[in-house]
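These are the residues of each chain, in order.
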Amino acid sequence: METSRRTVIAAAAAAGLTAATIGTAHAAGGSKPVRELFGKLADGTKIHRWSLANGGTRLKVLSYGGIVQSLEIPDRHGRYRNVSLGFDNIDDYVARTPYFGALIGRYGNRIGKGQFTLDGTSHQLSVNDGVNSLHGGAKGFDKHVWDVEGFTSGSDVGLVLHYTSIDGEMGYPGTLRAKVTYTLTRHGDWRIDYEATTDKATVVNLTSHVYWNLAGEGSGSIYDHELEIAASRYTPVDSGLIPTGELAKVAGTPFDFRRAKTVGRDIRVAHQQLLYGKGIDHNWVLDKGITARPEQVATLRDPSSGRTLTIASNEPGLQFYSGNFLDGTLVGTGGHIYRQGDALCLETQHFPDSPNQPSFPSTVLRPGQTYRTSTVHSFGA
């Protein structure tokens, strides 16, 4: 990855762009994070935007929802584009967003009927997706203001985000103290480290909900992007997109991405699972399982620009969502309308509905334990 990044920087320099223009790191590391006012909530709460640049990657993050508002990387010719979907104002994030760029919690993905039983006690969660609970309920972590601090550490720059979810919030037991660290490395990698502790037994499954289009936000469909996922199985769902409990083989199905193929190649095949999701909205069971350190699990490539995204994680699952519910009613940061298939999400995670699926890896967190998981996004061209 370092070699490809150097190649991009050299190409940009040949085109007459300065190091400051292309956002490369200073000799001692990236530039210090910069904070600016982005907007205000209806109650007057100020929302800030933090800007980071390092190793040729530019990242802008909001204190509201820990949202990645923009992520810019160069193409094979050193030309920058924002490759994540989002808005240019806080009002749309509050009123209309389908989780663009957000931190997701307490529980990423769906919990069937918004219910689970833990240690003999039943818990009723906020229901916001039909009869199910999705991404933490009606007011998940994506809809709260996080405390944010910028940092520089050696050649790295980043942000530390904190949020405390009180006992009973959205129906979840225990006061959960969450800490999320965004780091841009000298190679331009974007790393996310999640941590959480609780004072009561609870369930937790944190993730990031960036919508990727490596050709550039607002540029059209991602169906020609090439995707590879290191998974031989996936979790089929029912009509409400809740896993049935089966770990089905991807072989012979539209869900086989063990070798790179275009996202759109099989997306309109008459397969019941695609009908349920109106496209792809499924969890892949990663072959590596849970690992001590992040290992490569997926690679995405846009042939037109040459941009690549490689994802490494220690999580056991990956939710691939093909932007099925973008319906032409949202206008993004670049002034373009977002339509179905204009981006995709690759959410590292434990499996959906794990609290109700004893055979799935556990998402239970108990007092005295610390939830820790990491995901690394590496970019090239």
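Every chain begins its residue count from 1, and numbering advances along the sequence as written. Where totals are concerned, whole chains, interfaces and linings use all residues; where local detail is concerned, this predicted model gives features only for residues with pLDDT of at least 70, and gives and counts side-chain atom pairs only at 80 or more. Side-chain figures throughout are based on the complete set of non-hydrogen atoms in the structure, without hydrogens or water.

J.: How should the sheet that holds strand 12 (residues 156-165) be read in this particular structure?
T.: Within a beta sheet, neighbouring strands are joined by backbone hydrogen bonds and run either parallel or antiparallel to one another. Overall, antiparallel pairing links the 9 strands, which are arranged 11-12-13-14-29-23-22-17-20 in an open sheet. If you trace the sheet from one side to the other, it starts and ends with strand 11 (147-153) and strand 20 (261-262), each paired once. Whether two strands pair comes down to DSSP finding at least two bridges between them. We count a stretch as a helix when DSSP gives it H or I for four or more residues in a row; a strand needs E for two or more, and each element gets its number in order from the N terminus. The sheet contact formed by strand 12 and strand 13 (residues 176-184) spans 9 bridges and is antiparallel. Considered in strand 13, the bridge of tyrosine 163 is made with alanine 178.

J.: How should I be thinking about the sheet that holds strand 5 (residues 80-82) in this particular structure?
T.: Across the sheet, which stays open at both edges, the 5 strands sit in the order 1-2-3-4-5 with antiparallel pairing between neighbours. Each edge of the sheet is formed by a strand with only one pairing partner; in this case those strands are strand 1 (34-40) and strand 5. Geometrically, the sheet is characterised by an average inter-axis angle of 20° between neighbouring strands, direction not taken into account. Two strands pair when backbone bridges link them, and strand 2 (residues 46-54) and strand 3 (residues 57-62) are joined in this way by 6 bridges, in the antiparallel orientation. For leucine 52, the partnering residue across the bridge sits in strand 3 and is leucine 59. Where helices are involved, their axes are fitted lines through C-alpha atoms of the stretch in contact, as for all axes, and angles between N-to-C directions lie from 0 to 180°.

J.: Looking at this model, I keep getting lost on empty space enclosed by the protein. Mind explaining?
T.: A probe as big as a water molecule, rolled over the atoms, marks out the empty space that is left. Lining residues are those with an atom within 4 Å of a point, where the points come from a 1 Å grid over the protein atoms alone and group into cavities, where a 1.4 Å probe fits but cannot get out, or pockets, open sets with protein on both sides within 12 Å along at least five of seven lines. Grid points are joined across faces, edges and corners, and a volume is the space filled by probe spheres set on the points. What the rule picks out here adds up to 3 cavities of 30 Å³ or more. Quantified by volume, the largest cavity comes out at close to 70 Å³. As for the largest cavity, its lining consists of 13 residues, of which Ser208, Val210, Leu346, Glu347 and His377 are closest to the centre. Within the residue set of the lining of the largest cavity, elements represented by two or more residues are strand 14 (190-198), strand 16 (207-209), strand 27 (345-349) and strand 29 (371-380). In terms of residue count, the dominant contributor to the lining of the largest cavity is strand 27 (4 residues).

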